[in-house]
Amino acid sequence: MRILFAALTNLFLALFALLGWPGRLLRARSRPKWVRLRLVGGLPYRPRARRRLLPRTRGSEGDVGSVEELRRALDTLAKDVRVRGVLLHLEDIEISPAKRSAIASHLAAFRATGKRVVAYVVRAGNAEVELLCAADEVVVSPAGRLELMGFSAEATALAEGLQRLGVRAHFVRRGAYKTAPELFTHADISDIQRKTVEGLLDERYQDLVQVLAHGRRLTLDEARSRIDRGPYSARRAKTAGLVDTLCSEADLPEHLAGPDAKPGKQGEPPRARVGSLKEHRAALPLPQVRWRPFRPRPVVAVVPLSGAIVHGEGGGGMGLGPKLAGSEPLVRALRRMEHNPRVAGVVLFVDSPGGSALASELVLEATRRLAKKKPVVAYVDRVAASGGYMAAMGARELWSAPDAVVGSIGVFAGKFEASELLSRLGIRRAVITRGENAGLFSTSRAFTDSERSALELEVEETYQAFLSIVAEGRKRSVEEIHARAEGRVYSGRGALDAGLVDRLGGFEDACKRTLALAGVPVAPYDVAWARVTGRQAALQRLLQSAARAQVYALDWPLWRFSHLGPPEPHD
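Conventions used here
Residues numbered from 1 in each chain as written. Predicted model: local features only at pLDDT ≥ 70, side-chain atom pairs only at ≥ 80, totals over all residues. Heavy atoms only, no water. Helix = DSSP H or I, 4+ residues; strand = E, 2+ residues; numbered from the N terminus. Buried < 20%, exposed > 50% of the residue type's maximum accessible area, 1.4 Å probe, protein only. Contact = heavy atoms within 4.5 Å. Areas by Shrake-Rupley, 256 points an atom, 1.4 Å probe, with all protein chains shown as cover. Pairing = 2+ DSSP bridges. Right-handed = clockwise from strand over helix to strand, strands pointing away. Phe/Tyr/Trp six-rings, centres within 6.5 Å; stacked < 30°, edge-to-face > 60°. Patch = residues over 30% accessible without salt bridge, like charges linked within 9 Å, V, L, I, M, F, W, Y side chains within 5 Å. Salt bridge = Lys/Arg side-chain N within 4 Å of Asp/Glu carboxyl O. Lys, Arg positive; Asp, Glu negative; His and termini not counted. Charge placed at Lys NZ, Arg CZ, Asp CG, Glu CD.

Looking at the overall build of the chain
Secondary structure assignment for the chain yields 21 helices and 20 strands. Considering the chain as a whole, with its 571 residues, one finds that 49% of them fall into the buried category. Taking the contacts inside the chain whose residues are at least 6 apart along the sequence as the reference set, 73% of them involve residues at least 24 apart. As displayed, the chain has an accessible area near 27700 Å², and 53% of this comes from carbon and sulfur atoms.

The following block contains the structure:
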């Protein structure tokens, strides 16, 4: 039945292409020699399914919707002898270092075919600069800026400020490197906190130096000097050799025409034919047809674990807080993968700083159950810390981007005491209990000795369980994991050296490895993103739990007023 349906579909596609062939022949000679590709904001690795009847949310014409779409477009353009190159517009890029590396590799493969890449930007930060270095020529608007300054991170200590308000933080932690509660308990930044942040910044900075040196043909010392002298106006950037040409967007066709081009009509300056990707596709003599395969392609399902992990449905924070990854929709998505016959394997896409211990263990259990039936590879694009790292232990293999933040195996719990604040406001509270530790989470007083002992016992028990989970997942002893734990944070490279991840690589590498574990030929394959959405937002429940300090966060607190623990460096 499938073969018949595929044959009929392909016949229809062939007839449709044949009917449009005369028009394409007429447009073929006007095919653009330069194709404009506009990268805006954050690009997913693969396009995600959208609901029917909803319009596309892509920006202006010429936009590229995903990293995979960019790769396919470059492959097509590389085979067109009439195309000289691509004009790459970069606007407010907000993507991870791993995605930037993937895009740079696609551009390098395109340039290796003899085509040119000309990058254009009005305002460039570190993210744009790293992609500019992958181009043959960098063009900047005369009014533009190059905000090349390196990386910075801000760590905050609120203890003294809270005390002035009449609020005191009482936290118990397991691990000297579990620095998250220091935000509330310390009057200054600890040495451990500072060293952790500096270590992550050092790696990101060295990557930027190497990319800049290679892309702009500088020595490492020259690249460091250029960074230290930033930011740059467009003219200063050209003088420093960071850009090649100053040109407005309207004059780009003239610039791309080159000095040997023939002048236009009536002595006008020559202008290169620049068009969008859509215009290029419409002018191809033979249309790009995605034929219906007679055999279904293998499907790699991607289950995203993004945001702070909470028990329940989770949600998007309603614009008032952090993105929340609810345990219930995650578990439902993982269970659906078990029974979907088209899914050959699953990639657990982890981008989470941690969260509730209970919720993390529920996701871990569902991941383990799925891994018994189908291969599961966990991939870390930005961060898999604490509870996020725990959930990844259910996968058969754990892959990480080199610059991702990994680890933070540790636990903390506690509460805020507001008795002094209440007294200043003229509010009187009496804690009346039946049970030795019934007032454990009361905000009206500090812990009693019995309550603190009970909390320390629970934190220690949770930490030992965490060690056992990681030891089992990494096939090491508890003692070996403990030596790498106590809240220590690693980059992807450091985590590989410490034995906390299996391999470094990109998202597509993780997908191919998943198919290899399933015993399925790697190419071609499809990627399907699982829909992981809660039935209702959980922000109100989260804030209520945070106020009572009844959420045992495994990593950075869910109250993200500032960067907590080891923050990801600012671009």
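And the narrative resumes.
What about the pairing of strand β15 (residues 397-400)?
For a regular strand, side-chain orientation follows a simple rule: the groups alternate between the two sheet faces. Residues E397 and W399 point to one face of β15 and L398 and S400 to the other, with burial holding for every one of them. By the bridge criterion, 4 bridges tie strand β14 (residues 376-385) to β15 in an arrangement that is parallel. Note on β15: the bridge partner recorded for V380 is S400. Taking the sense of rotation as the criterion, the β-α-β connection linking β14, helix α15 (residues 387-392) and β15 turns out right-handed. Judged from the 2 bridges that link them, β15 and strand β19 (residues 503-504) form a sheet pairing that is parallel. The residue bridging W399 from the neighbouring strand is R503, located in β19.

Comments concerning the pairing of strand β3 (residues 116-124)
By the bridge criterion, 6 bridges tie strand β2 (residues 85-91) to β3 in an arrangement that is parallel. Opposite H89, over in β3, you have Y120 as the bridge partner. Taken together, β2, helix α4 (residues 97-111) and β3 form a β-α-β motif whose crossover is right-handed. Pairing between β3 and strand β4 (residues 137-146): 6 bridges, direction parallel. Bridge pairing in β4 places V121 opposite V140. Where the polypeptide runs from β3 across helix α5 (residues 126-132) and back to β4, its parallel neighbour, the crossover connection is right-handed.

Looking at the packing of aromatic side chains
For the coordinates displayed, the defined rule picks out 11 aromatic pairs. Both rings, one in F171 and one in F416, keep their centres 5.6 Å apart while their planes meet at 80°; by these two values the pair is edge-to-face. Here the residue F171 occupies a position in strand β5 (residues 168-174), and F416 occupies one in strand β17 (residues 411-417), the gap between them amounting to 245 residues. Judged by relative accessible area, which is 13%, F171 ranks as buried. Taken together, a centroid distance of 6.0 Å and an interplanar angle of 45° make the contact between F349 and Y379 tilted. A residue pair is termed long-range when its members are at least 10 positions apart, and F349 in strand β13 (residues 343-352) and Y379 in strand β14 qualify at 30 residues. For F349, a relative accessible area of 7% gives the class buried.

Some points on a positive patch on the surface
Taken together, the side chains of K33, R82, R84 and R273 present a region of like positive charge at the surface. Relative to the helices and strands, R273 is located in the loop between α11 (252-257) and β8 (274-276).

Some details on the environment of A187
Mapping A187 onto the fold places it in the loop between α7 (182-185) and α8 (191-215). Classification of A187 by relative accessible area gives exposed; the value is 55%. Between the C-alpha atom of A187 and that of A159, which follows or precedes it by 28 residues, the distance is 5.0 Å. Excluding residues within four positions of it along the chain, A187 makes contact with A157, A159 and E160.

Brief notes about the pattern of salt bridges
Enumeration over the complete set of coordinates arrives at 32 salt bridges. Residue R71 is joined to E68 by a salt bridge in which the shortest nitrogen-to-oxygen separation is 2.6 Å. You can see R71 and its partner E68 sitting in helix α3 (residues 67-78), 3 residues apart, about one turn around the helix. Residue class for R71 comes out partly exposed when judged on its relative accessible area of 29%. Salt-bridge contacts for K373 lead to E338; the nearest nitrogen and oxygen are separated by 3.0 Å. Of the two residues, K373 sits in the loop between α14 (357-371) and β14 while E338 sits in helix α13 (residues 327-339), which places them 35 residues apart along the sequence. By relative accessible area, which is 53% here, K373 ends up exposed. Taking relative accessible area as the criterion, E338 reaches 11% and is therefore assigned buried.

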